[in-house]
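Remarks on the overall topology
This is what each chain is made of:
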Amino acid sequence: MGAPTFMRKLGRPKPRDAIAGLVTGLFSIPEGMAYASIGGFNPVTGIYAGIVPGIIGSLFARTVLMVTTLTSAIALTSRSVLKEAGLDPADPANVAALALVVGAVMLLFGLLRFGSIMNFVSNAVMTGFSTGIALQIVAGVLGDATGYKPQSGNTIGKFIDSLAHIGLWHPAAVAVALGTVAVWAVLHFIKPLESFATLLALVVVTAVVAVAHIDVETVGDIASIANALPPVTLPNFAAMPELLVGGVAVALVALAQAAGISAAVPNPDGSRTNMNGDFLAQGAANVAGGLFGALPAGGSLSRTGVATSAGAQTRWAGIFAGLWLAVLVLVAGSAAEIIPMPVIGGLVLVIGAELVVGRLPDIKLVLRVAPLSAVAMLVTFAATTQLPLHTAIVIGVITSLVLYCAKAAEAAQLSALIPAPGGGWQQAPVPEKCASNDVTVLHYAGVGLFAEVARIDETWPRAEGTTNAVVVLSLRSLPDVPSSVTIKALRRWAGQLADNNGRLIVAGVNPGTAEVLLRGGLDDLLGDDGIVPASDRIFGALDEAVERGRAWVAAQPGAAGDSPQRDSN
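Residues numbered from 1 in each chain as written. Predicted model: local features only at pLDDT ≥ 70, side-chain atom pairs only at ≥ 80, totals over all residues. Heavy atoms only, no water.

**Some details on the overall build of the chain**
For clarity, the threshold we go by: A run of H or I in DSSP becomes a helix once it reaches four residues, and a run of E becomes a strand once it reaches two; helices and strands are each numbered from the N terminus. Our radius of gyration looks at C-alpha atoms and nothing else; its globule reference is 2.2 Å times the residue count to the power 0.38. Burial here depends on accessible area, computed with a 1.4 Å probe over protein chains only, as a share of the maximum for the residue type. Under 20% is buried, over 50% is exposed, and the range in between is partly exposed. Whether two residues are in contact is decided by their heavy atoms: any pair within 4.5 Å suffices. Note on areas: these come from Shrake-Rupley sampling with a 1.4 Å probe, and a residue is covered only by the protein chains present in the view. Charge assignment: positive for Lys and Arg, negative for Asp and Glu; neither His nor the chain ends contribute. Lys charges are placed at NZ, Arg charges at CZ, Asp charges at CG and Glu charges at CD.
Along its length, the chain carries 24 helices and 8 strands. At 31 Å, the chain has a C-alpha radius of gyration far larger than the 25 Å of a compact globule built from 569 residues. On the principal axes, the C-alpha backbone points of the chain span a range of 105 × 50 × 45 Å. Within the chain, buried positions represent 54% of all 569 residues. Here the analysis covers contacts within the chain between residues at least 6 apart in sequence; of these, 82% occur between residues at least 24 apart. Total accessible area computed for the chain in this model is approximately 24,200 Å², and 65% of it derives from carbon and sulfur atoms. Put simply, the chain has 32 plus and 37 minus side-chain charges, and the middle of one group is 5 Å from the middle of the other.

**Considerations on the sheet that holds strand E4 (residues 425-428)**
Applied cut-off: Only when DSSP finds a minimum of two bridges between them are two strands counted as paired. Lines fitted to C-alpha atoms define the axes, with helix axes restricted to the stretch in contact, and inter-axis angles between N-to-C directions lie between 0 and 180 degrees.
Taken in spatial order, the 6 strands make up an open sheet running E4-E3-E5-E6-E7-E8, and their pairing is mixed. The outermost strands of the open sheet, each flanked by one partner alone, are E4 and strand E8 (531-533). Taken over all neighbouring pairs, the strand axes of this sheet differ in orientation by 30° on average, direction set aside. Sheet topology note: the strand E7 (residues 503-509)/E8 ladder contains 3 bridges and is parallel.

**Remarks on the nonpolar core**
The line we're drawing: Definition of nonpolar core: a set of buried residues of the types Ala, Val, Leu, Ile, Met, Phe, Trp, Tyr and Cys, connected through side-chain atoms within 4.5 Å.
Membership of the largest hydrophobic core comes to 98 residues, with the highest contact counts inside it found for Ile 29, Leu 70 and Leu 243. Here the element with the most residues in this core is helix H13 (residues 240-264); it accounts for 11 residues. Non-local contacts of Leu 243, meaning those with residues more than four positions away in its chain, are made with Val 81, Leu 82, Ala 85, Leu 87, Asn 94, Ala 97, Leu 98 and Val 101. Counting residues in each nonpolar core, the second largest holds 29 residues, with Ala 428, Val 453, Ile 456 and Leu 517 among its members.

**Focus: helix H10 (residues 171-188)**
In an α-helix, one turn spans 3.6 residues; hence positions three or four apart end up facing the same way. Which entries qualify depends on this criterion: Multiply 1.5 Å by the residue count of a helix minus one, and that product is the helix's expected span.
An ideal rise of 1.5 Å per residue puts 26 Å on 18 residues; H10 measures up with 25 Å between its terminal C-alpha atoms. Looking only at H10, the buried set comprises Ala 173, Val 174, Val 176, Ala 177, Thr 180, Trp 184, Leu 187 and His 188.

**Concerning the pattern of salt bridges**
Just so we agree on the cut-off: Every case where a carboxyl oxygen of Asp or Glu lies within 4 Å of a side-chain nitrogen of Lys or Arg is listed as a salt bridge.
In the structure shown here, the tally under the stated rule is 8 salt bridges. Among the ionic pairs, Arg 359 bridges to Asp 362, the shortest N-O distance being 3.5 Å. With Arg 359 and Asp 362 both in helix H17 (residues 341-369) and 3 residues apart, the pair spans about one turn of that helix. A relative accessible area of 23% places Asp 362 in the partly exposed class. The partner of Arg 503 in a salt bridge is Asp 529, with the nearest N and O atoms 2.9 Å apart. Here Arg 503 is found in strand E7, whereas its partner Asp 529 is found in the loop between helix H23 (522-526) and E8, with 26 residues between them in sequence. Arg 503 sits in the buried class, given a relative accessible area of 9%. Residue class for Asp 529 comes out partly exposed when judged on its relative accessible area of 32%. Through salt bridges that share partners, Asp 144, Lys 149 and Glu 217 make up one connected network.

**Digging into the pairing of E4**
Sheet topology places strand E3 (residues 413-419) next to E4; 4 bridges connect them, and they run antiparallel. Following the sheet pairing, Leu 417 is matched in E4 by Gln 427. Hairpin remark: E3 followed by E4, antiparallel, with 5 residues in the connecting loop; positive phi at Gly 423, about 100°.

**Some remarks on the packing of aromatic side chains**
Note the following rule: Aromatic contacts are taken between Phe, Tyr and Trp rings whose centres are within 6.5 Å, Trp giving its six-membered ring; a plane angle under 30 degrees counts as stacked, one over 60 as edge-to-face, and the others as tilted.
Throughout the structure, instances matching the rule amount to 3 aromatic pairs. Taking 5.2 Å as the distance between ring centres and 40° as the angle between the ring planes, the aromatic pair formed by Phe 109 and Phe 114 counts as tilted.

**Considering the side chain of Thr 45**
Quick note on the threshold: Residues adjacent in sequence count toward polar contacts only when both atoms are side-chain atoms; beyond that, a polar contact is any pair of N or O atoms within 3.5 Å, and within protein one must be able to donate a hydrogen and the other to accept it.
For Thr 45, the location among the structural elements is in helix H3 (residues 43-48). Residue Thr 45 is classed as buried on the basis of its relative accessible area of 13%. Reaching out from Thr 45, the side chain makes a polar contact with the backbone oxygen of Asn 42 at a distance of 2.5 Å. Not counting chain neighbours up to four residues away, the residues in contact with Thr 45 comprise Ala 36, Gly 293, Ala 294 and Leu 295.

**Let's talk about the environment of Ala 258**
Counting through the fold element by element, Ala 258 comes out in helix H13. On the basis of relative accessibility, which here comes to 1%, the residue Ala 258 falls in the buried class. Distance in space between the C-alpha atoms of Ala 258 and Leu 107 is 14 Å, their sequence separation being 151 residues. In contact with Ala 258, other than residues within four places in its own chain, are Met 66, Gln 282 and Gly 299.

**Overview of the domain arrangement of the chain**
Quick note on the threshold: Residue ranges for the domains trace back to a domain assignment, done automatically or taken from a database.
When cut into domains, the chain gives domain 1 (16-137 + 219-340 + 359-404) and domain 2 (412-555). The C-alpha-based centres of domain 1 and domain 2 are spaced at 51 Å.

**Structural notes on unusual backbone geometry**
If a residue is not glycine, its phi is most likely negative; likewise, a peptide bond is most likely trans. Here the phi dihedral of Arg 113 falls at roughly 60°; this positive angle occurs in a residue that is not glycine. The backbone phi angle of Asn 468 is positive, close to 55°, even though this residue is not glycine. Its place among the elements puts Asn 468 in the loop between helix H20 (453-459) and strand E6 (470-474). For Asn 468, a relative accessible area of 2% corresponds to the buried category.

**Notes on the packing of helix H6 (residues 92-111) against helix H14 (residues 275-290)**
Stated formally: Just so you know how the angles are binned, under 35 degrees is roughly parallel, over 145 roughly antiparallel, 65 to 115 roughly perpendicular, and the rest oblique. Crossings are sorted by hand: turned counterclockwise from the far helix by less than a right angle, the near helix makes the crossing left-handed, and turned clockwise it makes it right-handed. In this classification, Asp, Glu, Lys and Arg are treated as charged, Ala, Val, Leu, Ile, Met, Phe, Trp, Tyr, Cys and Pro as nonpolar, and every other residue, Gly included, as polar.
Interaxial distance between H6 and H14 falls to 7 Å at its minimum, and their mutual angle equals 160°. Judged by the inter-axis angle, H6 sits roughly antiparallel to H14. Two packed elements cross with a definite hand, and for H6 against H14 that hand is left-handed. From H6, Ala 96, Ala 99, Leu 100, Val 102, Gly 103, Ala 104, Met 106, Leu 107, Phe 109, Gly 110 and Leu 111 reach across to H14, where they touch Asn 276, Phe 279, Leu 280, Gln 282, Gly 283, Ala 284, Asn 286, Val 287 and Gly 290. When its residues are assigned to classes, the contact of H6 with H14 shows 13 nonpolar, 7 polar and no charged.

**A closer look at the pairing of E6**
Counting buried residues in E6 gives 5 out of 5 residues, a clear majority hidden from the surface. Taking every second residue as pointing to the same face, both faces of E6 are buried, with Val 470, Val 472 and Ser 474 on one and Val 471 and Leu 473 on the other. In the sheet, strand E5 (residues 439-445) pairs with E6 via 5 bridges, with the strands oriented parallel. Of the residues in E6, the one forming a bridge with Val 441 is Val 472. Here E6 runs beside E7; their pairing, made up of 5 bridges, is parallel.

**Describing a nonpolar patch on the surface**
Let me state the cut-off plainly: A patch consists of residues exposed above 30% relative accessible area that lack any salt bridge, with like charges linked at up to 9 Å and nonpolar side chains (Val, Leu, Ile, Met, Phe, Trp, Tyr) linked at up to 5 Å.
Residues Leu 229, Trp 324, Val 327, Leu 330 and Val 331 make up a contiguous nonpolar surface patch of roughly 440 Å² in combined accessible area. We classify Leu 330 as partly exposed; its relative accessible area is 42%.

Below, the structure written as structure tokens:
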């Protein structure tokens, strides 16, 4: 039963998925080698990162078009982690150990449902992050596209350094890169060839360079490729404890990039993405890949861009990419050595530009309608392009948290509720003073009462000079368990009423909140019936609290009889 059910969920592959997988697999050979060499690793490990991790990641990812493989950011972060641990990046056992640690961290994050945290990262922050990543991709291939390797350590610096040394650009490399872009553009605008533009541009320009004997760097200049599948690798288990902290950093970089992909590349079938599912898929991909000589892997925005540009329609595109890559390496791995690096540079420039253009509507929307969000977007973009990626992730999360708190504080308010003419309740301004021998109904709307105590104090109706006044405080929308600040505030408000022979009744709280209020000793001031739990009926707890308040007022000596409040539903 299990296998057929799984296959039904997997769906059937489409012809375009096979083509997109072939394009992505071909593309993964030079780009994977380039990224691995950037990090100081054996370039072949970059290819291996696209086989087993690519297949496993695409099988289980909830972002169905996401391609799991090595990225430049993961390669650079992995290198620094191994260096700090005093481990040789060229030793396959050390690489395998790091990949397994990264995979274990991702699996743990997925099982603990840390992916839900990404739901609180605002669209503005994700827009800034994904745009910055797209520019990182472009900056990473400036050396391939121009023949001049920028010396700057950050993204914007690479652009500036490259333009400042335009005289050192290699004319042949520039010509090949521009020719690749031109061929892609022509093919892209021919409707029947649109899905094959990337593959055809790669093949056509590579053939022209080979026939014309144009002197540019090729894949073979980076390293030789053996016609063999990834070998089984035994990890350096003794080094794993030293790699734990660094593994968390690599995992965060990879997961943040995957989060950017889920925001930028929606599922074609309309299904919802799920961060926890993506975490688990990438964790499994790294655990399996580490045992087969692969560098740590994660969601690749550039490789996903290649797949979607080539017409990917289902998760089978990523699966085919890994399978095609395995076949290509086994049968004709050495033939890929003739691919010119400027061709790869030109195609990555196109992909990066497409990703940036794809974010323009979101950028314009944020700038036009949300000034505070625009600041968050720009801060995250600057951090992503100027700082190490794991630092940018922390800054983005903190920025989102600050933005969320600011918006929540702006929305939180205390209002009065009065009977509506047709039944039910309607909002009204909070009275300056509680009504004697009557029930005043207040409603708090917000996300954290403890953060709003000062503001509520300013609008809370005065109890001085009143008698037999009851205040019913509705907390139905309060999702958090009260803090000590909340308990103290409720005790203070209840005490003010009690000093004037009045009382406070709290209505609509969930069981957890009610328990905390009781542990805080509020039942001493509110009475045994002073806390009314939430009910299934909307405003049911409020109606019950009002009835309790009316009954209490009526029972007081000298009460003026029934109050003119509404009849309970």
